[in-house]
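# Geometric and topological summary
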Amino acid sequence: MKITVHRGAGEIGGNCIELQSGESRILLDYGAPLPKIDSATRKSVQATPEETILDIPGLYEPAPAPLDGIIISHTHQDHYGGLFAKKISPAVPVYMTAAMEELIRLTAQIPRGGKDLDATIRHYRKGEPFMAGAFKLTPYLMDHSASESFGFLIEADGRRVVYTGDFREHGNKKRAFEEFLSADMGKVDLLITEGTQAAIPSGPSEPDVMRDIESLVAGRDGALYVMCSGQNVDLLSSLGGIAEKQGRFLVLDGYIVLVLELLQRLVPRKSGRPLQIPGIGKKYLKIINTSATGKIAGMPRYREICEAMKPHLVSWEALNANIGRAIIPVRTSSTGWINKHIRDFSGAMFVYSMWNGYRVEAAFEEALRFFKAKGLPEFLIHASGHAYFSAIRKVVEARKPRRVLPVHTEHPGNFAWAFGDRVTVLKNGGSLEI
Ligand SMILES: [Zn+2]
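Fair warning: this is a prediction, and the values are worked out from it, not measured in the lab. (Residues numbered from 1 in each chain as written. Predicted model: local features only at pLDDT ≥ 70, side-chain atom pairs only at ≥ 80, totals over all residues. Heavy atoms only, no water.)

## Description of the coordination of the zinc ion
Around the zinc ion, the protein supplies His 74 (NE2), His 76 (ND1), His 144 (NE2) and Asp 166 (OD) as donor atoms, at distances of 2.2 to 2.3 Å. Considering all four donor atoms around the zinc ion, the spread of angles at the metal, 90 to 167 degrees, places the coordination shape in the irregular class. Sequence positions of the donors to the zinc ion reduce to the motif H-x1-H-x67-H-x21-D. Placement of His 144 in the loop between strand S10 (135-142) and strand S11 (149-156) and of Asp 166 in the loop between strand S12 (159-163) and helix H4 (174-182) is noted, with a sequence separation of 22 residues between them. (Donors = N, O, S within 2.8 Å, 3.2 Å for Na, K, Ca; no water. Tetrahedral: all angles 85-135°; square planar, octahedral: opposite > 155°, others 65-115°. Helix = DSSP H or I, 4+ residues; strand = E, 2+ residues; numbered from the N terminus.)

## Some words on helix H13 (residues 389-399)
Within the sequence span of H13, burial applies to Phe 389, Ala 391, Ile 392, Val 395, Val 396 and Arg 399. What you see down the axis of H13 is that its buried residues fit within an arc of 160 degrees, all on one side. As for H13, its buried residues are in contact with S12, H4, strand S13 (190-194) and helix H14 (412-419). Count one or two residues on from H13 and you reach Lys 400, which has phi positive near 45 degrees. (Buried < 20%, exposed > 50% of the residue type's maximum accessible area, 1.4 Å probe, protein only. Arc of directions from axis to C-beta. Contact = heavy atoms within 4.5 Å.)

## Some thoughts on the environment of His 76
Summarising the element assignment, His 76 is placed in the loop between strand S6 (67-71) and helix H2 (77-80). In this structure, the C-alpha to C-alpha distance between His 76 and Ser 145, residues 69 residues apart in sequence, is 9.3 Å. Among all residues touching His 76, those that are not within four sequence positions of it are His 144, Ser 145, Ala 146 and Asp 166.

## Considering the pattern of salt bridges
With the rule as written, the count across this model stands at 25 salt bridges. The shortest N-O distance in the salt bridge between Arg 160 and Glu 155 comes to 3.4 Å. Classification of Glu 155 by relative accessible area gives partly exposed; the value is 22%. Its salt-bridge partner being Arg 168, residue Glu 206 comes within 3.1 Å of it at the nearest N-O pair. Taken as a pair, Glu 206 in helix H5 (residues 206-217) and Arg 168 in the loop between S12 and H4 lie far apart in primary sequence, 38 residues in all. Like Arg 168, Glu 206 is buried. Through salt bridges with shared partners, a single ionic network connects Asp 143, Arg 168, Glu 206 and Asp 234. (Salt bridge = Lys/Arg side-chain N within 4 Å of Asp/Glu carboxyl O.)

What follows is the structure, encoded as structure tokens:
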């Protein structure tokens with residue numbers, strides 16, 4: 001089997017790894033490079049289609065040996081964004097879960113002039129092996145900051161490869177990580193592992209984050225604003241839990257509620273129990289009428305869910321009357337409606353719960369300045385979405401791979417230091433044979 005890392009070898013983002021067995025080829029992820037920060041404006045600039053498109057035979061044009069599939073591990077743009085740069089050949093099936101397809105389609109339609117996903121989609125399910133060309137793939141649910149994230153055991157040629165996708169062990173799906181560690185995968189020839197946080201041995205977990213945020217609001221009055229990603233379901237769930245315990249309410253826009261509701265409906269569970277995430281029916285949930293709420297209300301595809309949201313809708317008046325009990329996840333763009341509608345900031349607090357590197361961007365700096373000017377104390381409380389090095393070490397110790405290929409990392413040297421000459425470090429475009 002031949003493995004080629006087209007992108008994401010010595011960098012974070014833009015993952016695309018090709019596996020070839022005989023004439024059969026598949027791609028693991030087709031991500032867009034992460035946005036860059038323009039040094040003059042400090043604005044975040046998305047990768048252009050030209051920077052995103054990879055020249056891989058069969059991806060866009062017919063090739064003598066067809067491409068047998070693209071396997072998408074999760075719904076972060078640096079793992080699927082390549083699907084939107086240019087229409088890929090309909091002859092190439094793209095594998096993802098049903099929930100991932102729905103979320104990717106929704107996210108793509110939200111910006112002005114949004115697009116739809118134009119590709120041949122096939123669904124895989126947790127724990128159910130499927131074939132793509134000569135490759136047999138078994139998806140394992142992973143713990144990650146994306147709503148649903150998968151690693152894979154990939155078998156062909158009598159060889160076994162494990163691809164972690166993005167993962168961690170310290171989130172709310174810790175049990176998924178433990179199941180991944182204890183699963184019997186046989187003798188593994190190659191482990192392809194992410195290493196975004198390979199320079200950090202250990203750090204806070206999602207339960208730590210929940211405890212720290214709860215300690216800020218317990219016994220106090222005053223709104224809590226939390227800057228976080230709208231798709232960080234673990235954190236949103238923690239905030240919902242805090243709202244429930246502390247007699248507060250969680251204030252979300254319709255877009256975030258829609259994401260949560262789609263997950264609740266589409267993520268299959270053997271137990272039959274609902275996912276422990278905020279959503280329609282929770283007493284503490286309040287939905288505000290932002291432009292995002294208006295936008296999804298106008299999308300016929302989500303009419304039924306938007307109807308079900310109605311009992312949770314609150315007016316700005318009602319929110320202002322109870323602002324001291326509110327927990328409000330925010331994005332940089334939220335300062336517009338906060339400035340326009342919220343009157344009272346007394347006793348309020350601000351928590352920054354994202355990667356610290358974003359803070360240098362103009363939009364973040366502006367938003368942070370906004371909350372500071374309102375007199376809010378700022379607390380940094382964050383658990384990384386990615387594995388600390390201690391978790392990567394656990395994967396290597398459990399799988400005992402013959403070889404290790406780090407990807408999605410700026411610290412490949414840490415792998416060679418820890419795991420010796422089993423480790424192969426590639427540059428983009430580089431290959432190895434197993
Ligand atoms: Zn990710």
